[in-house]
Amino acid sequence: MKQLDERLIKIVPSDRQVMVQKTEFYAFFHFTVNTFTGTEWGHGTEPAEVFHPDQMDANQWIHAIKAAGMKGAILTCKHHDGFCLWPSKYTKHSVKYSPYLNGKGDIVKEVARACENAGLKFGIYLSPWDRNQETYGQGKAYDDYFVAQLMELLTGYGDIFSVWFDGACGEGPNGKKQVYDWQRYYDTVRKYMPGACISVSGPDIRWCGNEAGDTRTSEWSVVPADLSLAERVAAFSQHADDPSFKQRVIDSMEEDLGSRERLAQEQRLIWYPAEVDVSIRPGWFYHPEEDDKVRSLENLMDIYEKSVGGNAALLLNIPPMPKGLLHGEDVKRLEEMGREIQKRYGNNLAEGTEILVKEENQWNAVKGVQTDDYETYYHGKSPKAEFKISWKNPQRISAVILKENILKSQRIEAFEILSMRNGILASIYKGTTVGYKKIARFPQIESDILIIQIIDSRVAPTLSFIGIYE
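In this text the structure is predicted, and so the values were computed from the model without any measurement.

Trainee: Got a minute to help me understand the overall build of the protein in this structure?
Mentor: For the protein, the helix and strand inventory stands at eleven helices and 19 strands. Computed over its C-alpha atoms, the radius of gyration of the protein comes to 23 Å, within 12% of the 23 Å expected for a compact globule of 470 residues. Taking the principal axes of the C-alpha coordinates as reference, the protein spans close to 70 × 50 × 35 Å. Excluding contacts between residues fewer than 6 apart, the proportion of contacts in the protein whose partners are at least 24 apart in sequence is 78%. By element, 48% of the accessible surface of the protein is carried by carbon and sulfur atoms, the whole surface being about 19300 Å².

In structure tokens form, the structure reads like this:
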């Protein structure tokens, strides 16, 4: 086991993967001709004339997601219908041939600029499946077209933090399917935007396994290398406009991706962190009949705490209306979410309080976990560790945040949080993995002393941050 553990901790993230994990929470905007036809998947035959967002305001979108605490946004620049939200010179199925701003509009530019002005990251979604393009299914001819459009986006819209590919692969207008040249797509991204993560059908960030917001109890970032194969993502992705797909829970066969037992026989391992993608409404595109079906604040916070607080990033979709604005109910919920996140996690009770670590039966002060960065951190001497935080007056506590220094890989296998009140010690939370970030939430207690025990680690654990919250 020791030999395996030593092998596992040699797997560490790239700079771009660390960047996305630090981004934590960002928006998806599904917007195209579907928004105007009331469908989820377009057919590629919709006339460009239907696209006319006459009150388009990208700044409203970005202001709303920033209020929720998001740090970036990904726009569906081209969905399966093939309609381009930028004036691509390679097709007439684009905003250039729509009534929007008399053909002078560029939705991609507007959203990219709004993100830049707000200090948020900007990412692009470009569907490899194109139901409008006549060369789709013709091999290199279509790949040339797709790469040309990818280059337009990578070179014309400033810095891009994420290039989001899905694995959908259906028929084109000629009745044929395309065999995607994934490696060529990846090489194009690396050449023109080397700092961007290639997500989902790509080598940097993986799909969590469902679109319902469900998460694993133990989420590992060190997983078998074959999980990064785009064909695998495509095989398990949606192949038809099936409304039940987004409600499908994580397949039990895929529940364990990174335990010691799961990885023991694997020859190749990679750092491949998860992203949870989910929509604020039942659909991914806007439908007025769903205005009363926006997810509740309670549900969104549960998803947030289990994804961002479960070693995954959260990509939350908010679909704009045909007029080009986010619906007031969506905006309201985002504002509520931002206030609730700040309320729950804005005041760290561990700040300015001495944190002790027990080593060799002796308590010593530890400074490395007071700041949320990787410059200073605690590095243990054995697979177990015990931390203690004391207060002169009892504190009301309902959450603890733990973060490993993932630059040293993911190590912690199990931990427990205990509370002492009037000399009585009680267990209040038991957890498994930590990784980039773990939010341990529990019914509020009053405590004089809080003890955090690292029960098992692959090798001596690291902790870059401890946060304690009311």
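Trainee: Which parts of the structure should I look at to understand the pattern of salt bridges?
Mentor: Pairs may arise between side chains of opposite charge once their charged atoms sit close together. Going through the model one piece at a time under the given rule, you end up with 26 salt bridges. A salt bridge links Asp292 to Lys293; its shortest N-O distance comes to 3.4 Å. Taking the relative accessible area as the measure of exposure, Asp292 reaches 63% and is therefore exposed. Note on Lys293: relative accessible area 44%, which makes it partly exposed. Beyond isolated ion pairs, a larger network of salt bridges with shared partners links Asp5, Arg260, Glu413, Asp456 and Arg458.

Trainee: It is not clear to me how the pairing of strand 16 (residues 424-431) should be interpreted in this structure. Could you clarify?
Mentor: Looking along a regular strand, one sees the side chains alternate between the two faces of the sheet. Relative to strand 16, strand 15 (residues 412-421) runs antiparallel, the two being bridged by seven bridges. Its bridge partner lying in strand 16, Leu418 is registered against Ser427. Hairpin connection from strand 15 to strand 16: two residues lie between these consecutive antiparallel strands, with Asn422 at a positive phi of about 55°.

Trainee: What is the right way to look at helix 2 (residues 15-23) in this model?
Mentor: The periodicity of an α-helix, 3.6 residues per turn, causes residues three or four positions apart to be oriented the same way. Within the sequence span of helix 2, burial applies to Gln17, Val18, Val20, Gln21 and Thr23. Packing partners of the buried residues in helix 2 comprise strand 1 (25-29), strand 3 (121-126), strand 5 (197-200) and strand 8 (269-271). Taken from the residues just after helix 2, Glu24 is the one with a positive phi, measuring 65°.

Trainee: I keep staring at the packing of aromatic side chains and nothing clicks. Help me out?
Mentor: The geometry of an aromatic ring pair comes down to the distance between the two centres and the angle between the two planes. All chains considered together, the criterion is met by 28 aromatic pairs. Ring geometry for Phe51 versus Phe83: centroids 5.1 Å apart, planes at 45°, classification tilted. With Phe51 in the loop between helix 3 (34-37) and helix 4 (58-67) and Phe83 in the loop between strand 2 (72-78) and helix 5 (107-118), this residue pair connects regions lying 32 residues apart in the sequence. For Phe51, a relative accessible area of 0% gives the class buried. Above the ring of Trp220, the side-chain terminus of Arg458 is found at 3.6 Å from the ring centroid.

Trainee: Where do I start with the side chain of Gln178 in this structure?
Mentor: You can see Gln178 is positioned in the loop between strand 4 (162-165) and helix 7 (182-192). Judged by its relative accessible area of 3%, Gln178 falls in the buried class. In this structure the side chain of Gln178 is engaged in a polar contact, spanning 2.8 Å, whose partner is the backbone oxygen of Gly139. Within the structure, Gln178 has its side chain in polar contact with the side chain of Asp143 (distance 3.4 Å). Contacts of Gln178, omitting those with residues within four sequence positions, involve Thr135, Tyr136, Gly137, Gln138, Gly139, Tyr142, Asp143 and Cys169.

Trainee: Would you mind going over the state of the cysteines with me for this structure?
Mentor: In a disulfide, the sulfur atoms of two cysteines are held together by a covalent bond. In total, this model carries zero disulfides according to the counting rule given. For the unlinked cysteine Cys77, the closest cysteine sulfur is that of Cys84, found at 8.9 Å.

Trainee: Would you explain unusual backbone geometry in this entry?
Mentor: Leave glycine aside and you will find that most residues have negative phi; peptide bonds, for their part, are mostly trans. Positive phi outside glycine occurs at Asn311, with the angle close to 65°. Here Asn311 is to be found in the loop between helix 10 (297-307) and strand 10 (312-317). Classification of Asn311 by relative accessible area gives buried; the value is 1%. Phi angles above zero are rare outside glycine, and Asn422 is one such case at about 55°. Overall, the relative accessible area of 61% leaves Asn422 in the exposed class.

Thresholds, definitions, all that
Residues numbered from 1 in each chain as written. Predicted model: local features only at pLDDT ≥ 70, side-chain atom pairs only at ≥ 80, totals over all residues. Heavy atoms only, no water. Helix = DSSP H or I, 4+ residues; strand = E, 2+ residues; numbered from the N terminus. Rg over C-alpha atoms; globule rule 2.2 N^0.38 Å. Contact = heavy atoms within 4.5 Å. Areas by Shrake-Rupley, 256 points an atom, 1.4 Å probe, with all protein chains shown as cover. Salt bridge = Lys/Arg side-chain N within 4 Å of Asp/Glu carboxyl O. Buried < 20%, exposed > 50% of the residue type's maximum accessible area, 1.4 Å probe, protein only. Pairing = 2+ DSSP bridges. Phe/Tyr/Trp six-rings, centres within 6.5 Å; stacked < 30°, edge-to-face > 60°. Lys NZ or Arg CZ within 6 Å of the ring centre and 35° of its normal. Polar contact = N/O pair within 3.5 Å; in protein donor to acceptor, adjacent residues only side chain to side chain. Disulfide = S-S within 2.5 Å.

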